[in-house]
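Coordinate inspection notes
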Amino acid sequence: MIIDLESPEHLVPHHAGVCIAGAGAVGICLALELAKSGVHVTLLESGGLDEEKSTQDLYNSEVSGIPHIGIHQGRFRVLGGSTTHWAGQILELDPNNFEARPWVPNSGWPFPKDVLMPYYRRATELEGLTAVISDDGSVWKSINSAPPDFGDDVVPFFSRFCPEPNFVRLHGNALRESDKITVYLHANVCEIKLAEGQETIAGFGCRTLGGRAATFTADSYVFCLGGIESARTLLQPLPGARIAPWNAYGLVGRYFQDHVDATVLEIKPRSRRRLDQWLEDLYRSSFKYRPYLKLSAAAQERLQCLAISAGLSLESKMIKEQQDFKGVAKQVLRGNIGAIEPAHAARYLPLAGLMLRKTTRRLLRGRGYTSSDGRIFLRFHCEQVPNPESRIELTSERDATGQFRTRLHWAATSLEVHTMQQFARVIGQAFQRGGFADVIVNPALEAGGPALVDLFEDTFHHMGAARMADSPQRGVVDSNLKLFGVGNGYVCSSAVFPTSGFSNPTHTIIALAMRLAEHLTGGAGHQSVTRLEKSEAQK
């Protein structure tokens, strides 16, 4: 059931087994998994069914340090969250991303990757990827090809894409029809109410931008608000200027990470056929597979590097025109016929041939298409060091709900620079040794330091500001995602990542949500179900 908190009807929120703040991919998947086990769930969403400027304005923030675009362009207060805009790319973290690496300060998760493997599989089902080809060897076999051999240091791999990336379209009917889940729209969490003694959360105080207020209570509470907003909410001051029990050591907001992107290598392939075979997108059935290259775990250790990958990037006038056309086409399909201005319509005509070639190549060969009219680059995608000086803070300005706004200081270290330089060297040697391509290195990469940092771009992957650890002296949540200092509060977002690898975070967060659902239904969640069943039986 979906209820708009701004609707005029008198609403009396029911006590739930679990109250989840945030109805993006993770909040939706966690709610569905809990409901499957019989738990009554309240799911709170700040936005509505469509984007609204007034709600998006709650994200307005300050940025210091390295410029960061994603703090405004990469977050969405709407049912479905960022899944209403993302491409749906899915990728697991590598095993060494979970390990404490001596050359990477503050690295290591409280558990190895093996712990998450069954939950990764369940996440794949919720992402609509049950029938996807799960191992890379079989993907190569499907096109009658062996994977490229670039030596031991450069490893080819594939990411997968959700056939339906919008989780509202994917799971909307289940949310509407469930008798266990109640979704509240326009429910901005403005207050974390603590019970006497501050050892448990007693409720979430919410209000709409129109001024309607409601308090939602549950046995357990989960913050699924995104990597930045989770930290921002946990940093809001408590009544009486009390120190929040989960922030006794001042770690909320610290260790913020994003993935660092930089286009630093131009490649001149000696064989266009091999380029297309090894680095172009693949399509099998309804699934898309994207090839990448990564620095092997052994090379990371030998060269003292972070995790890093590289993918094909094209610079072409036709590609830019195509991207512009796609944006206009989406507007037209949504009924905005005026999106195409007659004066500009003619410039889209040359795209007809390109679109025909792309469509033909995909249908007949199951491959993407690389335009031959531009330059070809490798775009690096690099892990960041968990750095306590890279952090989220609060400003003195309040938003329309009364919450203090965010200031993000995004910082990099010399290890990100070193990693990109080493990876470029390794790739150049591998390409030349195998006769695949010549490599032209961006001068800023060779210079390093500020010259290279000036090329750094964020990727809208906000991680690490409420990190998971084995003690409150080192983090904000424990290995079960429970906030230190309170018995019934949890954080399930990319904010809990101690380290991030180079993988898109959504798949791992959903896996963590599946693990949390099992924890809640096996412990506190099981008690919640029993209490609610008894309550209903007495009515």
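Structural notes, computed from the coordinates. What you are looking at is a predicted structure, and each value in this text was computed from that prediction instead of being measured. (Residues numbered from 1 in each chain as written. Predicted model: local features only at pLDDT ≥ 70, side-chain atom pairs only at ≥ 80, totals over all residues. Heavy atoms only, no water.)

A short note on the overall build of the chain
For the chain, the count of helices and strands is 17 helices and 20 strands. When each of the 539 residues of the chain is scored for burial, the buried share is 55%. Excluding contacts between residues fewer than 6 apart, the proportion of contacts in the chain whose partners are at least 24 apart in sequence is 75%. For the chain, the exposed area adds up to about 22700 Å²; of that, 51% sits on carbon and sulfur atoms. (Helix = DSSP H or I, 4+ residues; strand = E, 2+ residues; numbered from the N terminus. Buried < 20%, exposed > 50% of the residue type's maximum accessible area, 1.4 Å probe, protein only. Contact = heavy atoms within 4.5 Å. Areas by Shrake-Rupley, 256 points an atom, 1.4 Å probe, with all protein chains shown as cover.)

Remarks on the sheet that holds strand 10 (residues 213-216)
Taken in spatial order, the 3 strands line up as 8-9-10 in an open sheet, and their pairing is antiparallel. Both outer strands of the open sheet, strand 8 (188-194) and strand 10, are each paired with one neighbouring strand and no more. Shown here is a sheet whose adjacent strand axes are inclined to one another by a mean of 25 degrees, direction ignored. Where strand 8 lies against strand 9 (residues 201-207), 6 bridges are found, and the strand directions are antiparallel. Along strand 9, the bridge assignment pairs Leu194 with Ile201. (Pairing = 2+ DSSP bridges. Axes fitted to C-alpha atoms, helices over the stretch in contact; angles between N-to-C directions.)

Some remarks on the pairing of strand 3 (residues 41-44)
The alternating pattern of strand 3 places Val41 and Leu43 and Thr42 and Leu44 on opposite faces, both of which are buried. The pairing of strand 2 (residues 16-21) with strand 3 spans 4 bridges and is parallel. From the neighbouring strand, Ala21 faces strand 3, where its bridge partner is Leu44. Chirality of the crossover, the property in question, places the unit of strand 2, helix 1 (residues 25-36) and strand 3 among those that are right-handed. (Right-handed = clockwise from strand over helix to strand, strands pointing away.)

A short note on the pattern of salt bridges
This structure, assessed with the given rule, holds 30 salt bridges. We note a salt bridge from Glu229 to Arg75, for which the minimum N-O separation is 3.1 Å. Of this pair, Glu229 sits in helix 7 (residues 227-235) while Arg75 sits in the loop between helix 3 (70-73) and strand 5 (89-90), and the two are 154 residues apart along the sequence. The buried category is assigned to Glu229, whose relative accessible area is 7%. Salt bridges here are not isolated pairs; linked through shared partners, they connect Arg75, Arg77, Glu229, Arg232 and Asp399. (Salt bridge = Lys/Arg side-chain N within 4 Å of Asp/Glu carboxyl O.)

A few points about the packing of helix 1 against helix 16 (residues 506-522)
For the pair helix 1 and helix 16, interaxial distance at closest approach is 9 Å and the crossing angle is 30 degrees. Relative to helix 16, the element helix 1 lies roughly parallel. Judged by the sense of rotation from one axis to the other, the crossing of helix 1 with helix 16 is right-handed. Taken together, the residues of helix 16 that come into contact with helix 1 (itself represented by Ala25, Val26, Cys29, Leu30, Glu33 and Leu34) are Thr506, Ile509, Ile510, Ala513, Met514, Leu516, Ala517, Leu520 and Thr521. (Parallel < 35°, antiparallel > 145°, perpendicular 65-115°, else oblique. Left-handed = near helix turned anticlockwise from the far one by under 90°.)

Describing unusual backbone geometry
Even without being a glycine, Phe460 presents a positive backbone phi close to 70 degrees. Located in the positive-phi region is Leu481, a residue other than glycine, with phi close to 75 degrees. Residue classification places Leu481 among the buried residues on the basis of a relative accessible area of 2%.

Points about the state of the cysteines
Scanning the model with the defined rule gives 0 disulfides in all. Left without a disulfide partner, Cys206 is nearest to the cysteine sulfur of Cys190, which lies 6.7 Å away. Residue Cys206 is classed as buried on the basis of its relative accessible area of 3%. Between Cys382, a free cysteine, and Cys305, which holds the nearest cysteine sulfur, the sulfur-to-sulfur gap is 8.3 Å. (Disulfide = S-S within 2.5 Å.)

What to know about helix 4 (residues 117-126)
Of all the residues in helix 4, the buried ones are Tyr119, Tyr120, Ala123, Thr124 and Leu126. End-on view of helix 4: buried residues confined to an arc of 160 degrees, all on one side of the axis. Where helix 4 is buried, its residues meet helix 1, helix 6 (167-177) and helix 16. Backbone geometry just downstream of helix 4 places Gly128 in the positive-phi region, at approximately 80 degrees. (Arc of directions from axis to C-beta.)

Description of the packing of helix 1 against helix 6
Two elements in contact, helix 1 and helix 6, have axes whose closest approach is 11 Å; the angle formed by their N-to-C orientations is 30 degrees. Considering the angle they form, helix 1 stands roughly parallel to helix 6. In this structure, helix 1 crosses over helix 6, and the sense of that crossing is left-handed. In contact with Ala25, Ile28, Cys29 and Leu32 of helix 1, helix 6 contributes Phe167, His171, Ala174 and Leu175.

Here's the deal with the nonpolar core
Core analysis: the biggest nonpolar cluster contains 144 residues, and Phe204 and Phe380 have the highest contact counts within it. Each residue touching Phe380, except ones within four places of it in the same chain, is listed here: Val260, Asp261, Ala262, Val264, Leu265, Ile308, Ser309, Ala310, Met420, Phe423, Ala424 and Ile427. Membership of the second largest hydrophobic core comes to 5 residues, among which are Phe157, Tyr292, Ala307 and Phe502. (Core = buried A, V, L, I, M, F, W, Y, C linked by side-chain atoms within 4.5 Å.)

Focus: the environment of Trp278
Here Trp278 is to be found in helix 8 (residues 272-279). For the pair Trp278 and Arg290, spaced 12 residues apart in sequence, the C-alpha to C-alpha distance is 9.9 Å.

Digging into helix 7
In terms of residue burial, helix 7 counts as a mostly covered element, since 9 of its 9 residues are buried. Looking only at helix 7, the buried set comprises Gly227, Ile228, Glu229, Ser230, Ala231, Arg232, Thr233, Leu234 and Leu235. Residues of helix 7 that are buried in the fold lie against helix 3, strand 8, strand 11 (218-223), strand 17 (391-398), strand 18 (404-410) and strand 20 (489-491).

A short note on the sheet that holds strand 4 (residues 62-65)
Spatially, 3 strands are ordered 4-18-17 in an open sheet, and the strand pairing comes out mixed. The two strands at the open ends of the sheet, each matched to only one other strand, are strand 4 and strand 17. Neighbouring strand axes in the sheet, compared pairwise and without regard to direction, differ in orientation by 30 degrees on average. Pairing geometry for strand 17 and strand 18, over 5 bridges, is antiparallel. Note that in strand 18 the partner of Ile392 across the bridge is Leu408. Sheet strands touched by helix 7: strand 17 and strand 18. Its angle to strand 17, the strand with the most contacts, is close to 60 degrees.

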